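A closer look at the structure
Here are the chains, one letter per residue:
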Amino acid sequence: MHYENDENYFRGYEWWLMREAKKRNPNITLIGLPWAFPGWIGRGENWPYDYPDVTASYVVSWITGAKQYHNLDIDYVGIWNERSFDSKYIKLLRYTLDKSGLERVKIIASDNLWEPITLFVLQDRELSEAVDVLGAHYPGTTTVSEALKTGKQLWSSEDYSTFNDDVGGGCWARILNQNYVNGQMSATISWNLVASYYQELPFGRDGLMTAQEPWSGNYVVESPIWITAHTTQFTQPGWKYLQTVGHLTHGGSYVALTDQKGNLTIVIETMTHDHSVCIRPPLLPYNVTAQKATFCLKGSFASIGELQVWHSKFDFKMKKPVYFQKLTPIKVTNGSFTLDLDVDEVYTVTTITTGLKGSYPEPPPSSPFPKIYKDDFNVQHPNFSEAPDFADQTGVFEYFINQTDPGPHVYTLRQVVTQRPITWVADADQTISVIGDYKWQNVTVSCDVYMEEEHSGGVFVAARVDKGGGSVRSARGIFFWVFADGTYKVTNDLSGQSVLAEGQSGTRANVWHTLTLSVKGNNAFGELNGHVLWKNAVGLVPEHGWAAIGTSSFQLAQFDNFAVQAE
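Residues numbered from 1 in each chain as written. Predicted model: local features only at pLDDT ≥ 70, side-chain atom pairs only at ≥ 80, totals over all residues. Heavy atoms only, no water.

1. What about the packing of helix H2 (residues 52-70) against helix H3 (residues 87-99)?
Interhelical geometry of H2 versus H3 gives an angle of 45 degrees and a closest axis separation of 9 Å. Comparing their axes, H3 and H2 come out oblique. Handedness of the crossing formed by H2 with H3: right-handed. Of the residues in H3, those touching H2 at Pro52, Asp53, Thr55, Ala56, Val59, Val60 and Ile63 are Lys88, Tyr89, Leu92, Leu93, Thr96 and Leu97. Here the contact of H2 with H3 is built from residues that sort into 9 nonpolar, 2 polar and 2 charged. (Axes fitted to C-alpha atoms, helices over the stretch in contact; angles between N-to-C directions. Helix = DSSP H or I, 4+ residues; strand = E, 2+ residues; numbered from the N terminus. Parallel < 35°, antiparallel > 145°, perpendicular 65-115°, else oblique. Left-handed = near helix turned anticlockwise from the far one by under 90°. Contact = heavy atoms within 4.5 Å. Nonpolar A, V, L, I, M, F, W, Y, C, P; charged D, E, K, R; others polar.)

2. Section: the sheet that holds strand S4 (residues 133-137)
Strand order in this open sheet of 6 strands is S1-S2-S3-S4-S5-S6, and the pairing throughout is parallel. The open sheet is flanked by strand S1 (31-32) and strand S6 (185-191), the only strands paired with a single partner. Pairing of strand S3 (residues 106-112) with S4 involves 4 bridges; the strand directions are parallel. Bridge pairing in S4 links Asn112 to Ala136. (Pairing = 2+ DSSP bridges.)

3. Focus on the side chain of Glu398
Considering the arrangement of structural elements, one finds Glu398 in strand S21 (residues 397-401). Looking at Glu398, the relative accessible area reads 9%, which means it is buried. Once residues lying within four places of it in the same chain are set aside, the contact partners of Glu398 are His2, Arg11, Ser385, Thr412, Leu413, Arg414 and Val416. (Buried < 20%, exposed > 50% of the residue type's maximum accessible area, 1.4 Å probe, protein only.)

4. Things to note about a nonpolar patch on the surface
A grouping of Tyr13, Trp16, Leu17 and Phe384 is seen on the molecular surface, where their side chains present a nonpolar patch of about 390 Å² in accessible area. Note on placement: Leu17 falls in helix H1 (residues 14-24). (Patch = residues over 30% accessible without salt bridge, like charges linked within 9 Å, V, L, I, M, F, W, Y side chains within 5 Å. Areas by Shrake-Rupley, 256 points an atom, 1.4 Å probe, with all protein chains shown as cover. Salt bridge = Lys/Arg side-chain N within 4 Å of Asp/Glu carboxyl O.)

Have a look at this one:
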């Protein structure tokens, strides 16, 4: 909601993603967690809890809209990603959900560390009744004794976030088991699911698979996908972990789960230290060696005669790994079976017979971002609210229809956030969307621009932009700005402090202008409406980076006929 009463349930890609996920697995769990909040929620303060009723109704409207407009049932909702929680707000959120007929929606708190939420829950009965799940981020497979005392479900509600090569796959294999073995966490949620963003942004390729080239269609099914299958194809939400889980004698771990209807799934991992390091927290040294492991089935499992076997083996020497391979079923004799376990292996041994290694067509080959690129944003009924390939780092750039413009600028891209959000990390004070190939050095970027702020309007085009995400405030590059007060400047930073050139431009608001920025080696020049406005040597700028567009503050502005030509 860009402003109060602005309810649009068709923004962004998440609705589409949830719908597509439900098509493939109707039982998949959906969770909402605010990372940031629109600025208006704070009523002038950079804080979401001063007016908890406003924040609660904002969050609940998102949940009701998911159902009303997309028939999506949100199962759980969080508080504020890795930031402070507020007990009064959590209780009011529970009350607001219940009042809206959403009793079934459960609350996770607090998506940060185990403390202080655990202590608050233990000391406050009303808070304890409101919170269903204690969720911690990157817990390093451990919990705290107080969390166990609450009797609540414990989740690693964000984990992994590791480069998705085979060490990343090993990290995922280890924590999927050991989060329960060491910390009794019954869910582990990967951030993120699919790495579909420019790799040079923070946390590049920290997804279970990679699909970061929409222009080529290339994607890579990385090892963490197959490691996931070892658990998710043979269990479902609602299955219970058995108490007989633990560490193997010579390193590694095993878990066992049941649907309580006679089915049994055992997942075993023998990941060595150096082949399973996650991005965080640090991993203390430990040893794993090859071993024989014998499992005894007792009680209601004693009558099982045969188990299906699925196997993965990471191979860091010969680089010939095997992922999620079906082996011959194993016979259970006298209630037991034995496996020969090597290091860096994952086994699933299960009564479930529906396991299947999915196949997929050979993806198109990888290719760099096209060197000649144009977008006129002339899309009458876009599938998404945002234009392809642009990656907003601060602010939001949406397709816009100019009802009042009968000329060539009816369909444009518009920056629509007019107030600084209550942010998760330090967003920039400017808005910026990056695009292209991070390796680009010599480029020409041009765009038609339209400032909507009479006096304080300002827009830019940029080249060689070197940072985004949580580091965007310190982004450097070559930024060509024009302002509604009739001036221009050229800076080598997004914050506009380091000025390379400045002067009069005659630019003003509510008029279309064409900006062109050409950069070659250490030289650059800028054109306004086809005439050279400045020429300059540009020392001390990054050697390469993305192209970008943006505004000088949180303000409405439009962009059209964006074009890049790279050498």
